[in-house]
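These are the residues of each chain, in order.
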Amino acid sequence: MRVLLGLAAVAFVVGAGGAAGGAFAGTRQGPAQIRVGDALEVNGQPMRLSLFSTSDPAPQVIAFYTARFLERGLLPVTFAGHVSVFDPKDGMQRFVTAISQPNSETLVLIGSTNPRKPPLLVRSAKAAKLAVPDQSRAFLGYSSDDDGVHADSAQFVTSQSPEQVAEFYRRKMQSEGFRERAESATSFLQFDKGGESFSAGIQALDDKGGAAVFVQHLEKR
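Quick look at the structure, then. Source: prediction; values computed, not measured.

Conventions used here
- Residues numbered from 1 in each chain as written.
- Predicted model: local features only at pLDDT ≥ 70, side-chain atom pairs only at ≥ 80, totals over all residues.
- Heavy atoms only, no water.
- Helix = DSSP H or I, 4+ residues; strand = E, 2+ residues; numbered from the N terminus.
- Buried < 20%, exposed > 50% of the residue type's maximum accessible area, 1.4 Å probe, protein only.
- Contact = heavy atoms within 4.5 Å.
- Areas by Shrake-Rupley, 256 points an atom, 1.4 Å probe, with all protein chains shown as cover.
- Expected span 1.5 Å × (residues − 1).
- Pairing = 2+ DSSP bridges.
- Salt bridge = Lys/Arg side-chain N within 4 Å of Asp/Glu carboxyl O.
- Arc of directions from axis to C-beta.

1. Digging into the overall build of the protein chain
Check the secondary structure of the protein chain and you find three helices and twelve strands. The burial tally for the protein chain puts 45% of its 221 residues in the buried class. Within the protein chain, contacts between residues separated by at least 24 positions form 49% of all contacts whose residues are at least 6 apart in sequence. When the accessible surface of the protein chain is summed, it comes to about 11,700 Å², and 52% of that surface belongs to carbon and sulfur atoms.

2. Digging into helix α2 (residues 58-71)
Relative to the 20 Å expected for 14 residues at 1.5 Å per residue, α2 spans 20 Å between its end C-alpha atoms, a close match to the ideal helical length. For α2, every residue scored as buried is listed here: A58, V61, I62, F64, Y65, T66 and F69. Where α2 terminates, the next one or two residues include G73, which has phi positive at roughly 80°.

3. Points about the pairing of strand β5 (residues 92-100)
As paired elements, strand β4 (residues 82-87) and β5 share six bridges and run antiparallel to each other. When the sheet's bridge partners are listed, S84 is paired in β5 with F95. Where β4 folds back onto β5 in an antiparallel hairpin, the turn is made up of four residues, including G91, whose phi is positive at roughly 75°. Across eight bridges, the pairing between β5 and strand β6 (residues 106-113) is antiparallel. Residue I99 lies in a different strand from β6, and its bridge partner there is L107. Where β5 folds back onto β6 in an antiparallel hairpin, the turn is made up of five residues, including S104, whose phi is positive at roughly 75°.

4. With respect to the pattern of salt bridges
Evaluated as defined, the whole model comprises eight salt bridges. Here K172 ties to E176 by a salt bridge, and the two come within 3.2 Å at their closest N and O atoms. Taking the shortest distance from any N to any O, the salt bridge between R181 and D192 comes out at 2.6 Å. Taken together, the residues span a long stretch of sequence, with R181 in the loop between β9 (179-180) and β10 (188-193) and D192 in strand β10 at a distance of eleven residues. Owing to a relative accessible area of 30%, R181 belongs among the partly exposed residues under this scheme. A relative accessible area of 26% places D192 in the partly exposed class. Among the ionic contacts, a cluster of salt bridges with common partners joins R72, D87, D90 and R94.

5. Notes on helix α3 (residues 162-175)
Compared with an ideal rise of 1.5 Å per residue, which puts 14 residues at 20 Å, α3 spans 20 Å between its outermost C-alpha atoms and is within 8% of the ideal. Looking only at α3, the buried set comprises P162, V165, A166, F168, Y169 and M173. Projected onto a plane normal to the axis of α3, the buried residues spread over an arc of 155° and lie on a single side. For α3, the exposed residues lying more than 90 degrees away from the buried face are E163, Q174 and S175. Tucked into the core, α3 has its buried residues touching β8 (149-158), β10, β11 (196-204) and β12 (211-220). Backbone geometry just after α3 places G177 at a positive phi near 85°.

6. Overview of the pairing of β11
With six bridges joining them, β10 and β11 adopt antiparallel strand pairing. Note that in β11 the partner of F191 across the bridge is F198. Taking the residues between adjacent antiparallel strands as the criterion, β10 and β11 are bridged by two residues, where G194 takes a positive phi near 60°. Pairing of β11 with β12 involves nine bridges; the strand directions are antiparallel. Its bridge partner lying in β12, Q203 is registered against A212.

As far as function goes, none of this settles anything; it's purely spatial.
Here it is, written out as structure tokens:
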């Protein structure tokens, strides 16, 4: 589930909604649509993934899909804006995650995966391909491949301030030949180099300092 929430963070950065097919029709969707991947692979685990935005509140979205799963004779498991089921007919796990947005819209992430191939997560910053500043903890890394694009992503928290984290990545990416996009800000940095891009979402934890960070490196292959 933490992988799915990480992918939802990517979807939030993209800032739009995607269409679901087949059994996932029925809520009021906004005009923007994104199909994240039909042949997505996350840490070696095959996955189909789509997302969309709706004016329906998150609890209503989860209730809707829970009811649809029950109508199909499946046993849904719900938890904090998430519902998933295992379908014995094809051996696939299907899931829906609903996340409330500041604009009163709900971001809905839906998809299916093959649980017979469990994902291999990177839980140590030392083993990660992405640079991580010192004084970091609660690290979780994952990778995905879709249509010739490879992504390495990670999320962690650090005792450093958002400004210190931003400065760390500005120095690091500049040393590797990346150029920062003009619209970058402390809360969301973007860098490009040829067929590669790097982004970092940085959010202050509380008044005591520290930051929660989501980073992603994309590369065309």
